[in-house]
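Observations on the model geometry
The residues making up each chain are set out below.
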Protein chains: 2
Amino acid sequence: MISAGFIAIGTEILLGNIYDTTTNFLAKKLKEIGVVLQKSVAVRDDVSSIVGALKYCEDTDIVFLSGGLGPTDDDITREACAEYLGTKLIFDEALWSKIKLYFNRINRKIAESNKKQATTFAGAESIDNLNGTAPGIFYKKEKTLYFLLPGPPRENIPMVNSFVVNKLSQMNMIKGSFFEKIFRLYNIGESDIADIFKDIKFDGFDIGYYFNKEGWVEIHITGMFENQEKVDLISLPVVRKVIDIFNKNGIFWTEDKPLSSIAYSLLKNKNLTISFAESMTGGSLSGDMVSNPGVSEFFKGSVVAYTNEIKTKLLGVKSETLTKFGSVSPQTAEEMVKGLKPIFNTNIAASITGVAASESESDDKPVGLVYFGFIFENETIVKRENFTGSRERIIQRAKNYVFIEILKRYLF
Amino acid sequence: MISAGFIAIGTEILLGNIYDTTTNFLAKKLKEIGVVLQKSVAVRDDVSSIVGALKYCEDTDIVFLSGGLGPTDDDITREACAEYLGTKLIFDEALWSKIKLYFNRINRKIAESNKKQATTFAGAESIDNLNGTAPGIFYKKEKTLYFLLPGPPRENIPMVNSFVVNKLSQMNMIKGSFFEKIFRLYNIGESDIADIFKDIKFDGFDIGYYFNKEGWVEIHITGMFENQEKVDLISLPVVRKVIDIFNKNGIFWTEDKPLSSIAYSLLKNKNLTISFAESMTGGSLSGDMVSNPGVSEFFKGSVVAYTNEIKTKLLGVKSETLTKFGSVSPQTAEEMVKGLKPIFNTNIAASITGVAASESESDDKPVGLVYFGFIFENETIVKRENFTGSRERIIQRAKNYVFIEILKRYLF
C-alpha cells in the first residue's frame, strides 16, 4: 500500500475566509490511482507550523503541499520545506526564464518580487504551471516524495492530473485499477438502504451510503483491482445485482446526475416537449431545466403564477375554486395544469402549488403540503405529497418529485 | 493567546466522498471569540490515526474532534480518545435515558447498538444534541480542553454555538471582541480593488479580498479589540471611510447578503411590486426571488418564454421583430417587457434575453451578449451587456445585473 499525506498551507483557511477544496479533489484522485490518503492537514503560513505538519506526515510515502508559493513575504512554503528537508534554496535561471515567458504570455509586467518564485531546492524538479505564476516543485528525499503545488485549484488540479500522475506512474507507484459506481436513490432513508444491503457483500467491493441534503441517498460501490480488464469483468454482474435489489425493493434510482439533466435526456430521446406552471417553486423548476444547454427544443417555457390573481388571469383557474378550496388544493393544481397545456401545447405539462413556509400555513394546509398536476399527452393526474424540512428543502423535494414522476411515466 | 486544533474524523473525507465543512464553520466561530485555530486535521476512522492526530494537536489549548460518535462498529472516536487520554469508557445511565427520550421524540425505534452512544469518560460532561442521536463529550485533562462533537454540521453547529461558547466564556477563555464587516462588490476585479486599497491602512484592522465565483468580490475588514465598546467606537469611522472609497471609485457595493434578498427588502420598504419575463435565465431569476419567505406580496410572477412562439403568444412580441432583429436584440427585450407589464400590472417589470451558450451563437450574437428591458413605473429602459465565462456564470451575471439595476434605480 502506498500512503499519502496532504498539507494545505494558508492562514485564510484557518480564519474561515476560504475553503480548502484541494483535499476533496486529491482524495478522489488518489483513490482512483490506488494511493491511500492517510491524513490531510491545514496549517497557517508560518515556518514552524509547516515544519510541524511535515513531521506529522513523515509516516507517509508521498507528501503533497499546496499554497504559499506566491511572490509575497507571507509565502514561506519553500523556506519551511528547505528547513525541514535540510537543504538550501537556490535560484534557478531556467525557471526564471519560464516565469518571465508566462508573464509575457498573459501580458502582465513581472515584478522583482517574482524572482522568489524561481527559487527551488538543489536536485529538485520544477513542475510547470500553465494557469498561474507559481511553478510547483517535486523533490525526493530517501524514500519519500514531496510535491509542492500552488494553492488555487485551477492551478493545482491540472498539475496533479498531468505531472503528479505521470511521475507516480513512471515510478511504478500506481497499482491496479479503481472501480467506482454511484447511484442516487430517491424517497428512501439512509438507514433503510443500510438495512436492505446489510447482508449483501461483494468480494473486493465496498458499499457506502451518503445522504445528500438536496434530497437523495447516494450509494457508492467501489473497489481496487489488478487491472482494467479485471474491473470490467467482475464489476458488471455486481452492478446488475445492485440494480436488481433496487428494483425488487421498489426504490427509485438514477445514475449520478441531476434529475433535470436525466429528464432532459429523456425528453430529447423521446422527442417530448414540456412546460410548467409554478406557484410555490417560483420559477426554479424551470431554472433547473434550463441548466441543460440545448434544452430549448424541448422546454418551451413556464408561467410563474405566484399570486391567485395571476393563476386566474394567465392559467384560467376559477375564482370559485380558489375561494372554495384554496390555492393549495388538488382542484387548483388540476386547473393550473389544464390552463397551462393549451398555452404551450407541449406533450407534458406540470403544475406545482404548495406551502413552503410557515407564513402561509393554515389549519388544514400544513407546511410541506404540495399538490402536483400533470398532463401526459391527454391524461390528467393530480398528486399530493407532504414534505418535511426547511423552506429550501421543501422546494427542492417538490422539484425532484416532478422530475421523478416524469421519469417513472416514460422509463418504466 | 488561546490556541485550538480541530480533528475531523471520517474515512469518507479522505476518500473524497464527503467534504469537511466543519473546519470553515469552526474557523469563523473561533475567530469571533478570539481563539486562534492553529491546525485542522482530517483522519481516517481508526484508533492509531486518531491517536496520532491527538498527539499532533497536543501543543494547543483546546482540541475539537468531530465524527465517529455513531452507534456502528466503525465509530471509534470515543475508544481512541480514551486510549490517548489514559482513561476508561463508562456506561452512563442518565445519558442513556436522554438518548431514549430523543428517539421517542422523533418516533424512531432505538436499537441495542445505540447503547454505545451512552458511553463516556469518567469525569466528563456530556453535551446535549438536539438534532441527532449522538451526544457530545466535554473533557478536561490538565490544562487542555477536549470537545468531542458529532460529524453532521446540523448537529455540531448548534452544539458549538451554545455549549462550547458558554463553556469557554464560563472558563474566562474568551478574550476581547471580534469585529468583522464584509462587503460585496460587483463589476470590479480583485486586483483593481487591491490597487485602490493598496496604500490604505487602518490601525488594528486587516483588509482581505476574496473572489466569489457567483460573481462578486468580497472585502473583509476584521480586527480583534479589548471589548465591544472599543469595537463600536473605532469601527464606525473605518466602515464609513471604506464606503466613501467605494463611492468615490464608483464601485457598486452591498452588504454581505444575496442580491435577491436585498432587492426583496427594497421592494418591501418602498411597497413596490415586480414581475419578470425570462428567456435565457429560464425562470431562475424568479426562483431566486422566491427564496425569500414572504415575497408573494411583492413578487407577482413571471412568464418564462424560452421560445419565440411563446414570446409572441404570451408577451406579444411581434413576429416581424423576431425575424428582423432576432430574439436576442434590444427590440425583443423591449417588446418582452412591454408585453409583460400589463399582464402582472407591477411597479417594476424586467425582461432578459441573451446568448448563454455556444449552441445559440451566431456571427453578430456572441456568447455572453444579453439584453435587458426594464419598466420602472412608466419609464422603459433597454440595456445591453457582454458577460464572459461559462454558461452558468453568464446566467448568474445576468441575474445579478437585473437586481443591481433595480437597486441602483431606487437606492441612489
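Remember, it's a predicted structure, so these values are computed and weren't measured experimentally.

About the cut-offs
- Residues numbered from 1 in each chain as written.
- Chains lettered and ligands numbered in written order.
- Predicted model: local features only at pLDDT ≥ 70, side-chain atom pairs only at ≥ 80, totals over all residues.
- Heavy atoms only, no water.
- Pairing = 2+ DSSP bridges.
- Helix = DSSP H or I, 4+ residues; strand = E, 2+ residues; numbered from the N terminus.
- Axes fitted to C-alpha atoms, helices over the stretch in contact; angles between N-to-C directions.
- Contact = heavy atoms within 4.5 Å.
- Buried area = accessible area lost by both parts, 1.4 Å probe.
- Salt bridge = Lys/Arg side-chain N within 4 Å of Asp/Glu carboxyl O.
- Polar contact = N/O pair within 3.5 Å; in protein donor to acceptor, adjacent residues only side chain to side chain.
- Least-squares fit on C-alpha atoms with pLDDT ≥ 70 in both.
- Parallel < 35°, antiparallel > 145°, perpendicular 65-115°, else oblique.
- Nonpolar A, V, L, I, M, F, W, Y, C, P; charged D, E, K, R; others polar.
- Phe/Tyr/Trp six-rings, centres within 6.5 Å; stacked < 30°, edge-to-face > 60°.
- Buried < 20%, exposed > 50% of the residue type's maximum accessible area, 1.4 Å probe, protein only.
- Lys NZ or Arg CZ within 6 Å of the ring centre and 35° of its normal.

1. A short note on the sheet that holds strand S9 (residues 177–186) of chain A
Pairing between sheet strands relies on hydrogen bonds along the backbone, with the strands arranged either parallel or antiparallel. Residues and elements named next belong to chain A. Strand order in the open sheet formed by four strands is S10-S11-S9-S12, with antiparallel pairing between adjacent strands. The open sheet terminates on both sides in strands that have one partner only, identified here as strand S10 (205–212) and strand S12 (252–255). Strand-to-strand, the axes of this sheet are offset by a mean angle of 25°, without reference to chain direction. Examined bridge by bridge, S9 and strand S11 (residues 216–225) share nine bridges and lie antiparallel to one another. By the bridge assignment for S11, Leu185 is matched with Val217. Most of the contacts of helix H14 (residues 391–411) go to S12, to which it runs at about 90°, and overall it touches S9, S10 and S12.

2. What about the interface of chain A and chain B?
Between chain A and chain B, the contact holds 60 residues from the first and 60 residues from the second. Of the roughly 4,700 Å² buried where chain A meets chain B, counting both sides, 58% is carbon and sulfur surface. Together, Tyr56(A), Tyr210(A) and Tyr306(A) form the three largest contributors to the area buried by chain A at its contact with chain B, with a combined 12%. Between the two partners, chain A and chain B, sit zero salt bridges. Linking chain A with chain B are 27 residue pairs in polar contact (both at pLDDT 80 or more).

3. Quick look at the relation of the copies chain A and chain B
Mapping chain A onto chain B is achieved by rotating through 179° and translating by 1.0 Å along the same axis, at an RMSD of 1.2 Å. Look at the turn and shift together and you get a two-fold axis relating the two. Both copies contact each other with a shared surface, as 100% of the interface residues of chain A are interface residues in chain B too.

4. As for the packing of helix H11 (residues 308–315) of chain A against helix H13 (residues 330–344) of chain B
Put simply, H11(A) and H13(B) touch, their axes get as near as 10 Å, and they point 120° apart. Classified by the angle between their axes, H11(A) and H13(B) sit oblique to one another. For the pair H11(A) and H13(B), the contacting residues are Ile310(A), Lys313(A) and Leu314(A) in the first and Pro342(B), Ile343(B) and Phe344(B) in the second. Here the residues of the contact of H11(A) with H13(B) sort into five nonpolar, no polar and one charged.

5. Here's the deal with the packing of aromatic side chains
The full count for this structure, using the stated rule, is 53 aromatic pairs over all chains. Arranged with centres 5.2 Å apart and planes meeting at 85°, the rings of Phe183(B) and Phe246(B) form a pair that is edge-to-face. Of this pair, Phe183(B) sits in strand S9 (residues 177–186) while Phe246(B) sits in helix H8 (residues 228–248); the two residues are 63 residues apart in sequence, bridging distant segments of the chain. Judged by relative accessible area, which is 0%, Phe183(B) ranks as buried. Classification of Phe246(B) as buried rests on a relative accessible area of 0%. Here the aromatic rings of Phe197(B) and Phe246(B) are separated by 6.0 Å at their centres, their planes lie at 65°, and the arrangement is edge-to-face. In this pair, Phe197(B) is assigned in helix H7 (residues 190–197) and Phe246(B) in helix H8, connecting sequence segments 49 residues apart. By the ring-pair criterion, three or more aromatic residues cluster together here, those being Phe372(A), Phe374(A), Phe376(A), Phe387(A), Tyr401(A) and Tyr410(A). Over the ring of Tyr56(A) we find Lys39(A), and its NZ or CZ is 3.9 Å from the ring centre.

Function-wise, these values are silent; they only describe arrangement.
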